[in-house]
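Each chain, written out:
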Amino acid sequence: MTTIQKQEWHHSGSGCCSPIGTCCLSWWCPCILYGKTRHRSKNDGNMNDYSCCNKSCMAFCGLACLGVSFILPMINRGDIRAKYHLKGNGCGDCMCACCCQPCDLTQQEKEVTFREESKHLLQAQPGKNEGMYYAQQQTSYQH
């Protein structure tokens, strides 16, 4: 049985001020950013059928009305860690989601975007799916 080495997060939680659009969204409309990140993660980066008012966004709004909006980002952070084999644990997920939700949401969005774009770049490499192929050379014999 092989174990997969856990990786560091590519984007730190303290880099939440850029890009500025994502930062603003995390502060003023966190439900939209949460829904966007969740959609991107669950659909392997495919944003074709994304809508800003999706089920994830609505669920976030519902929990925000109850004062527990941290629950879904906390769960999503764990899902992101599991999907991309990132370091961390449930306690850290809870702390990030509770203590600075805008920074956490920004980090999640940037990380998922980075991981999905990296994955698609690797898949787009020419000849990636095929092994090396050598054409058989013809030999000429002279008598």
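Not measured: the values here are computed from a predicted model. (Residues numbered from 1 in each chain as written. Predicted model: local features only at pLDDT ≥ 70, side-chain atom pairs only at ≥ 80, totals over all residues. Heavy atoms only, no water.)

Colleague: Before we go on, may I ask you to explain the overall build of the protein in this structure?
Modeller: Along the protein, the regular secondary structure elements total 6 helices and 0 strands. Listing the helices and strands of the protein from first to last along the sequence gives α-α-α-α-α-α. Total accessible area on the protein is roughly 9500 Å²; 59% of this is exposed by carbon and sulfur atoms. (Helix = DSSP H or I, 4+ residues; strand = E, 2+ residues; numbered from the N terminus. Areas by Shrake-Rupley, 256 points an atom, 1.4 Å probe, with all protein chains shown as cover.)

Colleague: It is not clear to me how the side chain of R40 should be interpreted in this structure. Could you clarify?
Modeller: For R40, the location among the structural elements is in helix 2 (residues 30–42). The residues touching R40, leaving out its near neighbours within four places in the chain, are G45, M47, E109, V112, T113 and E116. (Contact = heavy atoms within 4.5 Å.)

Colleague: Can you help me understand helix 1 (residues 20–28) in this one?
Modeller: Every α-helical turn comprises 3.6 residues, leaving residues that sit three or four positions apart pointing alike. Residues of helix 1 that are buried: T22, C23 and S26. Considered in projection along helix 1, the buried side chains sweep an arc of 100° and stay on one side of the axis. In helix 1, the exposed positions angled more than 90 degrees off the buried face are occupied by I20 and W28. (Buried < 20%, exposed > 50% of the residue type's maximum accessible area, 1.4 Å probe, protein only. Arc of directions from axis to C-beta.)

Colleague: Quick question: what am I supposed to make of the packing of helix 2 against helix 4 (residues 71–84) here?
Modeller: Each pair of packed helices gets described by two things: the angle between the helix axes and the distance between those axes. One can describe the packing of helix 2 onto helix 4 by two numbers: an axis separation of 11 Å at closest approach and a directional angle of 25°. Taken together, helix 2 and helix 4 sit at an angle that is classed as roughly parallel. The hand of the helix 2/helix 4 crossing is left-handed. Note on element contacts: helix 4 touches helix 2 through L72, P73, N76, D79, I80, K83 and Y84, opposite Y34, T37, R38, S41 and K42. In terms of residue class, the contact of helix 2 with helix 4 is built from 5 nonpolar, 3 polar and 4 charged. (Axes fitted to C-alpha atoms, helices over the stretch in contact; angles between N-to-C directions. Parallel < 35°, antiparallel > 145°, perpendicular 65-115°, else oblique. Left-handed = near helix turned anticlockwise from the far one by under 90°. Nonpolar A, V, L, I, M, F, W, Y, C, P; charged D, E, K, R; others polar.)

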